[in-house]
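The chain contents come next:
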Amino acid sequence: MKTYFPNIEKIKYEGKDSKKPLSFKFYNPDEIVMGKTMADHLRFAVCYWHTFKGTGSDPFGPGTIVRDFASASDPMVQAEETLYAAFEFFTKLGVKFWCFHDRDIAPEADNLTETNARLDKIVAIAKKLQSDNGMQLLWGTTNAFSNPRFMNGAGTNPSPEVFAYAASQIKKAIEVTKELGGLGYVFWGGREGYETLLNTNMGRELDHLAMLMKMAVDHKNKIGFTGQFYIEPKPKEPTKHQYDFDAGNCLAFLRKYDLINDFKLNIEANHATLAGHTFQHELEMSAINGALGSIDANRGDEMLGWDTDQFPTNIYDTTMAMYTVLKHGGLTTGGLNFDAKLRRASTDITDLFHAHIGGMDAFARGLKIAAKLQEDGVFENIITQRYAGWDKDLGQKIETGKMDFDALEKFTIENGEPIVQSGHQEMLENILNTYI
Ligand code: XLS
Ligand code: CA
Ligand code: CA
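So, a few notes on the structure that sits alongside this text.

Quick notes on the rules
Residues numbered from 1 in each chain as written. Chains lettered and ligands numbered in written order. Predicted model: local features only at pLDDT ≥ 70, side-chain atom pairs only at ≥ 80, totals over all residues. Heavy atoms only, no water. Donors = N, O, S within 2.8 Å, 3.2 Å for Na, K, Ca; no water. Helix = DSSP H or I, 4+ residues; strand = E, 2+ residues; numbered from the N terminus. Buried < 20%, exposed > 50% of the residue type's maximum accessible area, 1.4 Å probe, protein only. Core = buried A, V, L, I, M, F, W, Y, C linked by side-chain atoms within 4.5 Å. Contact = heavy atoms within 4.5 Å. Near = heavy atom within 4 Å. Polar contact = N/O pair within 3.5 Å; in protein donor to acceptor, adjacent residues only side chain to side chain. Areas by Shrake-Rupley, 256 points an atom, 1.4 Å probe, with all protein chains shown as cover. 1 Å grid on protein atoms, 1.4 Å probe; cavity = no way out; pocket = protein on both sides within 12 Å on 5 of 7 lines; lining within 4 Å. Points joined across faces, edges and corners; volume = space filled by probe spheres on them. Nonpolar A, V, L, I, M, F, W, Y, C, P; charged D, E, K, R; others polar.

Summarising the metal site, the calcium ion (ligand 3) is bound by the protein donors Glu268 (OE), Glu268 (OE), His271 (NE2), Asp307 (OD), Asp307 (OD) and Asp309 (OD), whose distances to it range over 2.2 to 3.2 Å. Sequence positions of the residues that donate to the calcium ion (ligand 3) give the spacing E-x2-H-x35-D-x1-D. In this structure, the calcium ion (ligand 3) lies 4.6 Å away from the calcium ion (ligand 2), the two metals sharing Glu268 as a donor. One end of the pair, His271, is in helix H9 (residues 269-274); the other, Asp309, is in the loop between strand S11 (292-296) and helix H11 (315-327), with 38 residues separating them in the sequence. Take His271: its relative accessible area is 4%, and that puts it in the buried class.

Here we take up the nonpolar core. Residues Leu42, Phe90 and Trp98 are the most contacted members of the largest nonpolar core, which totals 102 residues. In this view, Phe90 contacts Val46, Phe52, Val95, Trp98 and Met135; residues no more than four positions away in its chain are not counted. Counting residues in each nonpolar core, the second largest holds nine residues, with Ala45, Trp49, Trp139 and Tyr230 among its members.

With that settled, consider the site of ligand 1. In the region of ligand 1, the neighbouring residues are Trp49, His101, Trp139, Trp188, Glu232, Lys234, Glu268, His271, Asp296, Asp307 and Asp339. Interatomic distance of 3.3 Å between a side-chain N/O atom of His271 and an oxygen atom of ligand 1. Computed on the free molecule, ligand 1 has an accessible area of 290 Å², of which 94% lies beneath the protein chains in the complex.

Per the counting criterion, the structure on display carries two cavities of 30 Å³ or more. What the largest cavity holds in volume is close to 190 Å³. Lining the largest cavity are 19 residues; nearest its centre among them are Ile170, Phe187, Trp188, Gly189 and Glu192. Contributing elements (two or more residues each) for the lining of the largest cavity: strand S6 (184-188) and helix H7 (202-223). What the second largest cavity holds in volume is close to 40 Å³. In terms of lining, the second largest cavity is formed by Pro233, Lys234, Pro235, Phe245, Asp246, Ile267, Glu268, His271, Ala272, Ala275 and Glu282. Elements represented by at least two residues in the lining of the second largest cavity include exactly strand S10 (263-268) and H9. Looking at the lining of the second largest cavity residue by residue, the class counts come to six nonpolar, one polar and four charged.

Quick look at the structure:
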């Protein structure tokens, strides 16, 4: 069988003293952390779009990355070769999950019927490759943002014909996700947003988006797809105002339109940053609302205000993210999907391995540090102490709704000035650094 990564063997765990670049220094899939293997905690997935379809093109120049598997002139041959290369990559890297957009794996044809036939052909091969290699689809999704027909949005397009096209495409993508036994399906609002209110009816667009989601839920139930639906927040890019700005916005949208029980969130690290939040904030916001679903693991650049989709390397961030994940019981249907791409000048095929190895090691370290923090109860004890007043008389009466403004005023007059307590942030940051 043809190989696309001939000089690369299966990547092994060798420990932190290994000098071999193509080895894991920290990710040891079978190592038990808090009663579960690292592999089960982290559930790493490779994304198809950046890893196999990325060319390194940017607004200033064309692609720089040339791959053997993408060399065939017939787009269907190219799609098949890319799929074989992808599964070779997954196996050599040692991940068990992958994610794709419909248009990543199979090219569009001249009409939807033919496009769907192409997709079916590739999906049949993918299904076999999944079972041959013990792989699972973490989630599937639709690309309803690249084709020029979607320039004004998909579900929020001013044209109902474009809405219909998007719905048809999503219908098929959910069906193929089911066919592949996908554990989830992601809605990222590609161009669901706007540039100016001079030409936009925001209220109507949001109603339409909700209608699209409702139809998707109905179709999911109709065909018996049991995977989890996710919404992926992002504040900007490509549109100036993306409707799914952040976790809080998505949750408000889901509640307004009575969709809250049908969706969880897929939190991407760099989308959190672009929204002016930390990655951990978005995870915590999702978790406290019962919506912590899956994670797109990447990072932005502190100096750049756009979606750089770099591989995660910051141990502080991976620690805090895994701390929140562990605190809320871990990932169930979701996983850690590397929605990250090589820099434009990282053109070797080995760079793909180095990038993923780095991301997996960064999360393995984050997991182990977070587990130690949890086991030692470092912050939990301090937080419990900080809120201890709420477990006593006054706090309990307020929490259980037994007080009103009159009663609280009486209490304050009788008891006088409250004692203030320090938040000890600097001390806590120092403790955290002793663990990292
Ligand atoms: C783009 C998004 C996208 C989603 C899937 O910024 O991250 O890649 O994850 O459509
Ligand atoms: Ca993403
Ligand atoms: Ca992104």
